[in-house]
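A look at the structure
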Amino acid sequence: RADAGEPGEALGAACSSCHMLFFRALAGRGGFTIDSYTDAAVGVMTKNEAGKLYISAITLNPKIVWSGEKRPSDDDIAKLH
């Protein structure tokens, strides 16, 4: 469909949503409180050797605002991702 949007953007948004749900769940299990989680995921479409487009990369850019007394360290955050 012409109005379906960019496939790279759609897959990037799906990956972003999946990551957010798991990240928030794991953070909650770790006793961390998230006030907000936003992401500006980017999907890149590239042509292969046959000239067909494929999604060659997806980059997530989550921005997380924490609250509460227990705050995660950089190591905690890396493990959550």
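Up top is the structure.
An account of the accompanying structure is given in this report.

Cut-offs used in this document
- As a convention, each chain's residues are numbered from 1 in the sequence order in which they are written.
- Owing to the predicted nature of the model, reporting of local features is limited to residues with pLDDT of at least 70; listing and counting of side-chain atom pairs is limited to 80 or more, with chain, interface and lining totals taken over all residues.
- To get the side-chain values, all heavy atoms of the structure are used, and hydrogens and water are removed first.
- Only DSSP runs of H or I with at least four residues qualify as helices, and only runs of E with at least two residues qualify as strands; both kinds are numbered from the N terminus onward.
- We compute the radius of gyration from the C-alpha atoms alone; for a globule the expected value is 2.2 Å times N to the 0.38, where N is the number of residues.
- Here the term buried applies to any residue with accessible area under 20% of the maximum for its type, exposed to any over 50%, and partly exposed to those in between, with areas from a 1.4 Å probe on protein chains only.
- Working definition of accessibility: Shrake-Rupley area with a 1.4 Å probe, residue cover restricted to the visible protein chains.
- Positive residues here are Lys and Arg, negative ones are Asp and Glu, while His and the chain termini are left out of the count.
- Taken as the charge centre is NZ of Lys, CZ of Arg, CG of Asp or CD of Glu, depending on the residue.

1. Here we look at the overall build of the chain
Across its full length, the chain carries two helices and four strands. The N-to-C order of helical and strand elements in the chain reads α-β-β-β-β-α. The C-alpha radius of gyration computed for the chain amounts to 16 Å, which surpasses the reference 12 Å derived for 81 residues by more than 25%, pointing to a less compact arrangement than a globule. Here the C-alpha coordinates of the chain stretch approximately 55 × 25 × 15 Å along the principal axes. The 81 residues of the chain split such that 17% are buried. A total accessible area of about 5700 Å² is found for the chain, and carbon and sulfur atoms account for 55% of it. Between the averaged position of the 9 positive side-chain charges in the chain and that of its 10 negative side-chain charges there is a distance of 4 Å.

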